[in-house]
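Structure assessment
Take a look at the letters that make up each chain.
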Amino acid sequence: MSVEDGGMQGLGRPRQARWTLMLLLSTAMYGAHAPLLALCHVNGRVPFRPSSAVLLTELTKLLLCAFSLLVGWQAWPQGAPPWRQAAPFALSALLYGANNNLVIYLQRYMDPSTYQVLSNLKIGSTALLYCLCLRHRLSVRQGLALLLLMAAGACYAAGGLQVPGNTFPSPPPAAGASPMPLHITPLGLLLLILYCLISGLSSVYTELLMKRQRLPLALQNLFLYTFGVLLNLGLHAGGGPGPGLLEGFSGWAALVVLSQALNGLLMSAVMKHGSSITRLFVVSCSLVVNAVLSAVLLRLQLTATFFLATLLIGLAMRLYYGSR
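The paragraphs below set out a description of the structure included in this document. For clarity, every value in this text was computed on a predicted model and none was experimentally measured. (Residues numbered from 1 in each chain as written. Predicted model: local features only at pLDDT ≥ 70, side-chain atom pairs only at ≥ 80, totals over all residues. Heavy atoms only, no water.)

Regarding the overall build of the protein
Applicable threshold: Note on conventions: DSSP H or I runs of at least 4 residues are helices, E runs of at least 2 residues are strands, and numbering of each starts at the N terminus. Summary of the burial criterion: residues with accessible area below 20% of their type's maximum are buried, those above 50% are exposed, and those between are partly exposed, where the area comes from a 1.4 Å probe applied to protein chains only. It only takes one pair of heavy atoms within 4.5 Å for two residues to be counted as in contact. Exposure was quantified through the Shrake-Rupley algorithm and a 1.4 Å probe, taking into account, for residues, occlusion by the shown protein chains and nothing else.
When helices and strands are counted, the protein shows 11 helices and 2 strands. Secondary structure elements in the protein, listed N-terminal to C-terminal, are α-α-α-α-α-α-β-α-α-α-α-β-α. When each of the 324 residues of the protein is scored for burial, the buried share is 44%. A sequence separation of at least 24 residues applies to 86% of the contacts in the protein between residues at least 6 apart. For the protein, the exposed area adds up to about 16,700 Å²; of that, 68% sits on carbon and sulfur atoms.

Laid out in structure tokens, this is it:
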């Protein structure tokens, strides 16, 4: 099993240990994102603009990449920097930006629970585009594993966590409000399909781009996050009046930005040396971390559905990465 397939065979022990540590750290950071955001709440609301957090995250990633090149952690390519190879990363930044905004826009046309369940279809779209664009065939066993991964995400979203004494899945409604009824509009369904396709395309396209270019990862990230900063700066400036860039930020908010920036850098390494499928498993495994942290920090209750989802994730990993 190659590294691109998410495996470890053929790697020396030091590289295997680094690869395993990287995947574990990325899983932990993905899982900690929502609980950390919940700790930022003031009177039940996030006190800063979401666009500010996204912009600062992209800027942090850009600065970290520039720093790693300046101090020589990654070798600068010989000769003049191949700036013409930066242009394709503009499409990556555009796809990621469109995806991030679609997530917010989708909430107008369906309830959050329906979105959480149906958004797991992006696992299928990513796998399909991975096969078509990278010419990688999945076995029946691997296809079944990805179906189990989709089922695990849907189970968790449908009720893996709940507030003790209540019957609705987390997060609970605000005080004095009733749970939002399940609903989805035809436009919401079309936008959800578009979201899943863009999510898969952004992941697969970025992987293809990073693997085809013979450039150090830090330089590729420098290209990607430069476009990301410019795009999100424009979105932030065009978002209308609201809190300033750093207004409402706390220590928890700074931790959210830093963890997301580091996770973005780790995930880019997975895309270059692993695969989009490996990324799907990292995101799915992060549900377990998310649930445990939510139970510890936010006093939410784990349900039987959570344990079913965990079992399905374990079975999926066994099917996909186990002996053929």
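Observations regarding helix 11 (residues 304-321)
For clarity, the cut-off: Helix span, expected: 1.5 Å multiplied by one less than the number of residues in the helix.
Between its first and last C-alpha atoms helix 11 spans 26 Å; for 18 residues at 1.5 Å apiece the expected length is 26 Å, and the two agree. Contacts from the buried residues of helix 11 go to helix 6 (140-159), helix 10 (276-297) and strand 2 (301-302).

So, helix 3 (residues 88-106)
In a regular helix each residue adds 1.5 Å, so 19 residues correspond to 27 Å; helix 3 covers 28 Å between its end C-alpha atoms and thus fits that length. Along helix 3, the positions that sit buried rather than exposed are Phe89, Ser92, Ala93, Leu95, Gly97, Asn99, Leu102 and Leu106.

Points about the packing of helix 8 (residues 217-237) against helix 9 (residues 251-273)
So the rule is basically this: Axes, fitted as lines to C-alpha atoms, cover a helix only where it is in contact. Angles between the N-to-C directions of the axes lie from 0 to 180 degrees. Roughly parallel refers to an angle under 35 degrees, roughly antiparallel to one over 145, roughly perpendicular to one between 65 and 115, and oblique to any angle outside these ranges. Less than a right angle of anticlockwise turn of the near helix away from the far helix marks a crossing as left-handed, whereas a clockwise turn marks it as right-handed. Note on residue classes: Ala, Val, Leu, Ile, Met, Phe, Trp, Tyr, Cys and Pro are nonpolar, Asp, Glu, Lys and Arg are charged, and everything else, Gly too, is polar.
Closest axis-to-axis distance for the helix 8/helix 9 pair is 11 Å, and the angle between their directions is 120°. By the angle between their directions, the pair helix 8 and helix 9 is classed as oblique. Considering how the two elements wind past one another, helix 8 and helix 9 form a crossing that is right-handed. Within the contact between the two elements, helix 8 uses Leu217, Gln220, Asn221 and Tyr225 and helix 9 uses Gly264, Leu265, Ser268, Ala269 and Lys272. Each residue belonging to the contact of helix 8 with helix 9 can be placed in one class, and the counts come to 4 nonpolar, 4 polar and 1 charged.

Comments concerning the environment of valine 103
Tracing the chain through its elements places valine 103 in helix 3. Given a relative accessible area of 25%, valine 103 falls into the partly exposed group. On a C-alpha basis, the gap between valine 103 and serine 119 in space is 9.5 Å, while along the polypeptide they are 16 residues apart.

Quick word on the pattern of salt bridges
Let me state the cut-off plainly: Basic side-chain nitrogens of Lys or Arg form a salt bridge, by our definition, when they fall within 4 Å of a carboxyl oxygen of Asp or Glu.
For the structure on display, the rule yields 2 salt bridges. A salt bridge links glutamate 58 to lysine 61; the shortest N-O distance between them is 2.9 Å. Remark: lysine 61 and glutamate 58 occur in helix 2 (residues 50-70); sequence separation between them is 3 residues, near one turn of the helix. Residue glutamate 58 shares its accessibility class with lysine 61, and that shared class is buried. Residue lysine 211 is joined to glutamate 207 by a salt bridge in which the shortest nitrogen-to-oxygen separation is 2.7 Å. In this pair, lysine 211 and glutamate 207 both sit in helix 7 (residues 186-212), 4 residues apart, roughly one turn of the helix. On the accessibility criterion, glutamate 207 (1% relative accessible area) is buried.

Regarding the packing of helix 10 against helix 11
For any two helices packed against each other, the geometry is given by the interaxial angle and the distance between the axes. As a packed pair, helix 10 and helix 11 sit with axes 10 Å apart at the nearest point and diverge in direction by 155°. By the criterion of interaxial angle, the relationship of helix 10 to helix 11 is roughly antiparallel. Helix 11 is crossed by helix 10, and the crossing has left-handed handedness. Residues Ile277, Thr278, Phe281, Ser284, Cys285, Leu287, Val288 and Ala291 of helix 10 touch helix 11, and the partners they reach there are Phe306, Thr310, Ile313, Ala316, Met317, Tyr320 and Tyr321. Across the contact of helix 10 with helix 11, the residue classes break down as 12 nonpolar, 3 polar and no charged.

Considerations on the environment of serine 268
You can see serine 268 is positioned in helix 9. A relative accessible area of 5% means that serine 268 is categorised as buried.

Some details on a nonpolar patch on the surface
Formally: Residues enter patches when their relative accessible area tops 30% and they take part in no salt bridge; the joining distance is 9 Å for like charges and 5 Å for the nonpolar side chains Val, Leu, Ile, Met, Phe, Trp and Tyr.
On the surface, Ile184, Leu187, Leu189, Leu190, Ile193 and Leu197 cluster together into a nonpolar patch covering about 530 Å² of accessible area. Examined against the element boundaries, leucine 187 turns out to sit in helix 7. Note on leucine 187: relative accessible area 41%, which makes it partly exposed.

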